[in-house]
Amino acid sequence: MDDDFVTTEQFVAGTSSRHAAETITRTPARIAGLLVATALVYWPLFALAGIPWSVLVALGAAAVSTALIAWLGRRAARDSAAGLSLTLSPDGLEYVGDSSVRRMAWDDVRAAEVIPTITPLGGGAPTEGFSAFRREGLGLVGRGTTEVTGGPLAERTYAQDPARYGTDPDSGESRTAIPLSQFDEQWARHRIGEWVAHHRPDVARQAAARAGRTGS
């Protein structure tokens, strides 16, 4: 119904946005693989150092290291999701994240494409020493505005590659990207996709086709 798309709706990053940082610790098989790999690194070092029971000591050290890596990965993933939001309204889309605020009207959406996102780890705005994880996901590109909010380093990062999402064929301006997979990796099939289908059915069909090819 058209009435479903009159009221502004907001989405916040959830478990799907944490997927990339949790991948290495998400399944028992990956944890076991990490444990074995770490033990194989420690064992020859301990053996060369003449440490008694070097195999058992290496396994113990590997277990501690694996637990620490798993904890840090989950904590970083949780913190990185903080502050990510998407607001959909009859006027268009507003994305807050990746050290920026991006806005795009529905009429200015050009395509659904796989786009990169750079998400700061730590839950705060990037600083001179910030770290981030990079991932890709299906989102929207087109004519829009980008306000950089992450400080000098973020401003330099955006300035170094202003056309990272391509250029608009009509205006020649750098395109704006609205990442959507951070909020729902299968957004084309769910509520966000309904918004896109209501305002831009052509882009929604494109997104569904791309999602089918990528398996997202």
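First, a word on what this report is: a plain description of the structure on this page. (Residues numbered from 1 in each chain as written. Predicted model: local features only at pLDDT ≥ 70, side-chain atom pairs only at ≥ 80, totals over all residues. Heavy atoms only, no water.)

**A few points about the overall build of the chain**
Line of reasoning, step 1. Counting its regular elements, the chain contains 6 helices and 8 strands.
Line of reasoning, step 2. In the chain, the succession of α and β elements from N to C terminus is β-α-α-α-β-β-β-β-β-β-α-β-α-α.
Line of reasoning, step 3. Buried residues in the chain amount to 39% of all 216 residues.
Line of reasoning, step 4. Relative to all contacts within the chain whose residues are 6 or more apart in sequence, the contacts with residues 24 or more apart total 66%.
Line of reasoning, step 5. When the accessible surface of the chain is split by element, carbon and sulfur atoms take 57% of a total near 11400 Å². (Helix = DSSP H or I, 4+ residues; strand = E, 2+ residues; numbered from the N terminus. Buried < 20%, exposed > 50% of the residue type's maximum accessible area, 1.4 Å probe, protein only. Contact = heavy atoms within 4.5 Å. Areas by Shrake-Rupley, 256 points an atom, 1.4 Å probe, with all protein chains shown as cover.)

**Topic: the packing of aromatic side chains**
Two descriptors summarise a pair of aromatic rings, namely the distance from one centre to the other and the angle between the planes of the rings.
Line of reasoning, step 1. Enumeration according to the criterion identifies 4 aromatic pairs in this entry.
Line of reasoning, step 2. A ring pair is formed by Phe-5 and Trp-195, whose centres lie 5.2 Å apart and whose planes are at 85 degrees; its orientation type is edge-to-face. Taken as a pair, Phe-5 in the segment before strand 1 (9–12) and Trp-195 in helix 5 (residues 191–199) lie far apart in primary sequence, 190 residues in all. Each member of the pair, Phe-5 as well as Trp-195, carries the same accessibility label: buried. (Phe/Tyr/Trp six-rings, centres within 6.5 Å; stacked < 30°, edge-to-face > 60°.)

**A closer look at the pattern of salt bridges**
Line of reasoning, step 1. Here the structure, examined in full by the defined rule, presents 6 salt bridges.
Line of reasoning, step 2. Between Glu-113 and Arg-175 there is a salt bridge, with its nearest N and O atoms 3.1 Å apart. With Glu-113 in strand 5 (residues 109–121) and Arg-175 in the loop between helix 4 (152–160) and strand 8 (176–179), this residue pair connects regions lying 62 residues apart in the sequence.
Line of reasoning, step 3. Assessed through its relative accessible area of 16%, Arg-175 is described here as buried.
Line of reasoning, step 4. The salt bridge involving Glu-194 is made with Arg-191; its shortest N-O contact spans 2.8 Å. Taken together, the residues span about one helical turn, with Glu-194 and Arg-191 both in helix 5 at a distance of 3 residues.
Line of reasoning, step 5. Among the residues examined, Glu-194 registers a relative accessible area of 41% and is labelled partly exposed. (Salt bridge = Lys/Arg side-chain N within 4 Å of Asp/Glu carboxyl O.)

**A short note on helix 5**
Line of reasoning, step 1. Those residues of helix 5 not exposed but buried are Ile-192, Gly-193, Trp-195 and Val-196. Summarising the axial view, the buried residues of helix 5 lie within an arc of 155 degrees, below the 170-degree limit, and thus occupy one face. (Arc of directions from axis to C-beta.)

**Observations concerning the sheet that holds strand 7 (residues 145–148)**
Line of reasoning, step 1. Taken together, the 5 strands give an open sheet; going across it, the order is 1-2-3-4-7, and neighbouring strands pair in antiparallel fashion. Edge positions in the sheet fall to strand 1 and strand 7, since each of these pairs with one other strand and no more. Adjacent strand axes in the sheet meet at a mean angle of 10 degrees, parallel and antiparallel pairs treated alike.
Line of reasoning, step 2. Relative to strand 7, helix 4 is tilted by about 145 degrees, and along the sheet it contacts strand 4 (100–105) and strand 7.
Line of reasoning, step 3. Helix 5 rests against strand 1 and strand 2 (85–89) of the sheet, and its axis sits at about 35 degrees to strand 2. (Pairing = 2+ DSSP bridges. Axes fitted to C-alpha atoms, helices over the stretch in contact; angles between N-to-C directions.)

**Some thoughts on a nonpolar patch on the surface**
Line of reasoning, step 1. A grouping of Val-36, Leu-40, Trp-43, Ile-51, Trp-53, Val-55, Leu-56, Val-57 and Leu-59 is seen on the molecular surface, where their side chains present a nonpolar patch of about 900 Å² in accessible area.
Line of reasoning, step 2. In terms of residues, the nonpolar patch owes the most to one element, helix 3 (residues 54–80), which gives 4 residues.
Line of reasoning, step 3. Tracing the chain through its elements places Leu-56 in helix 3.
Line of reasoning, step 4. Accessibility expressed as a relative area gives 54% for Leu-56, which makes it exposed. (Patch = residues over 30% accessible without salt bridge, like charges linked within 9 Å, V, L, I, M, F, W, Y side chains within 5 Å.)

**Here's the deal with the nonpolar core**
Line of reasoning, step 1. Membership of the largest hydrophobic core comes to 25 residues, with the highest contact counts inside it found for Leu-86, Leu-88, Leu-140, Ile-178, Phe-183, Trp-187 and Ile-192.
Line of reasoning, step 2. Mapped by element, the contributors of at least two residues to this core are strand 2, strand 3 (92–97), strand 5, strand 6 (131–142), helix 5 and helix 6 (201–214).
Line of reasoning, step 3. Setting aside chain neighbours within four positions, we find Leu-86 in contact with Glu-9, Gln-10, Phe-11, Glu-94, Tyr-95, Ile-178, Leu-180, Phe-183 and Ile-192. (Core = buried A, V, L, I, M, F, W, Y, C linked by side-chain atoms within 4.5 Å.)

**Some points on the pairing of strand 2**
Line of reasoning, step 1. Of all 5 residues in strand 2, 5 are buried, a share of seventy percent or more.
Line of reasoning, step 2. Taking every second residue as pointing to the same face, both faces of strand 2 are buried, with Ser-85, Thr-87 and Ser-89 on one and Leu-86 and Leu-88 on the other.
Line of reasoning, step 3. Summarising the sheet, strand 1 and strand 2 pair through 4 bridges and their orientation is antiparallel. Looking at strand 2, one finds that Phe-11 is bridged to Leu-86.
Line of reasoning, step 4. In terms of strand pairing, strand 2 meets strand 3 through 5 bridges, oriented antiparallel. Pairing of Ser-85 across the sheet is with Val-96, part of strand 3.
Line of reasoning, step 5. The turn joining strand 2 and strand 3, which pair antiparallel and follow one another in sequence, is formed by 2 residues.

Take it as geometry only, folks, not as evidence of what the structure does.
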